[in-house]
Amino acid sequence: MFDSYVENTLQYYPDKCINCLRCTQVCPHGVFSEGKEHVELVRPAACMECGACALNCPVQAIEVQSGVGCAWAMISAALRGKDMDSAECGCGDGSCCGGNSKNPFLIEKL
Ligand code: SF4
Ligand code: SF4
């Protein structure tokens, strides 16, 4: 299986997390999961570096070099002659790689 985490740029700092759960709401790949004191990084290999979590994290507990995203993952996997990570990519309009809105990644402020 293609393991993007060995090459992706996702960094998570749980000590900074205030458990707002925004990252769990915006991530199209289920990389973060609800935890007790802070979210848990449960599927790091599924991260496609879309940047949505980092963009929505109010305390900079997540860093990711976005802009390479799923296209990068597919190309990289193809070059290696392997399948992309089996995580079903939910990309499409309003999600990871697609969307017609100005900023499909940003959760509206309340
Ligand atoms: S960068 Fe995108 S795919 Fe990766 S953890 Fe954040 S929201 Fe999920
Ligand atoms: S968005 Fe940031 S502060 Fe909120 S749960 Fe995720 S990592 Fe923690």
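The structure we're discussing is the one just above.
Residues numbered from 1 in each chain as written. Chains lettered and ligands numbered in written order. Predicted model: local features only at pLDDT ≥ 70, side-chain atom pairs only at ≥ 80, totals over all residues. Heavy atoms only, no water.

## Quick look at the site of ligand 1
Within the structure, ligand 1 sits among Cys-27, Pro-28, His-29, Val-31, Phe-32, Cys-47, Met-48, Glu-49, Cys-50, Gly-51, Ala-52 and Cys-53. In this structure, ligand 1 is accommodated by the second largest cavity. Of the residues assigned to the shell around ligand 1, the class counts are 9 nonpolar, 2 polar and 1 charged. (Near = heavy atom within 4 Å. 1 Å grid on protein atoms, 1.4 Å probe; cavity = no way out; pocket = protein on both sides within 12 Å on 5 of 7 lines; lining within 4 Å. Sits in = over half its atoms within 2 Å of the grid points. Nonpolar A, V, L, I, M, F, W, Y, C, P; charged D, E, K, R; others polar.)

## What about the packing of aromatic side chains?
Given two aromatic rings, their pairing is described by the distance between the two centres and the angle made by the two planes. This model, assessed by the stated rule, comprises 1 aromatic pair. Ring centres of Tyr-12 and Phe-32 lie 5.3 Å apart, and the angle between their planes is 80°; on these two criteria the pair is classed as edge-to-face. Separated by 20 residues along the polypeptide, Tyr-12 in strand β1 (residues 11–12) and Phe-32 in strand β2 (residues 32–33) bring together distant segments of the chain. Its relative accessible area of 14% is what places Tyr-12 among the buried residues. Against the face of Tyr-13 rests Lys-16, its NZ or CZ located 5.2 Å from the ring centre. (Phe/Tyr/Trp six-rings, centres within 6.5 Å; stacked < 30°, edge-to-face > 60°. Helix = DSSP H or I, 4+ residues; strand = E, 2+ residues; numbered from the N terminus. Buried < 20%, exposed > 50% of the residue type's maximum accessible area, 1.4 Å probe, protein only. Lys NZ or Arg CZ within 6 Å of the ring centre and 35° of its normal.)

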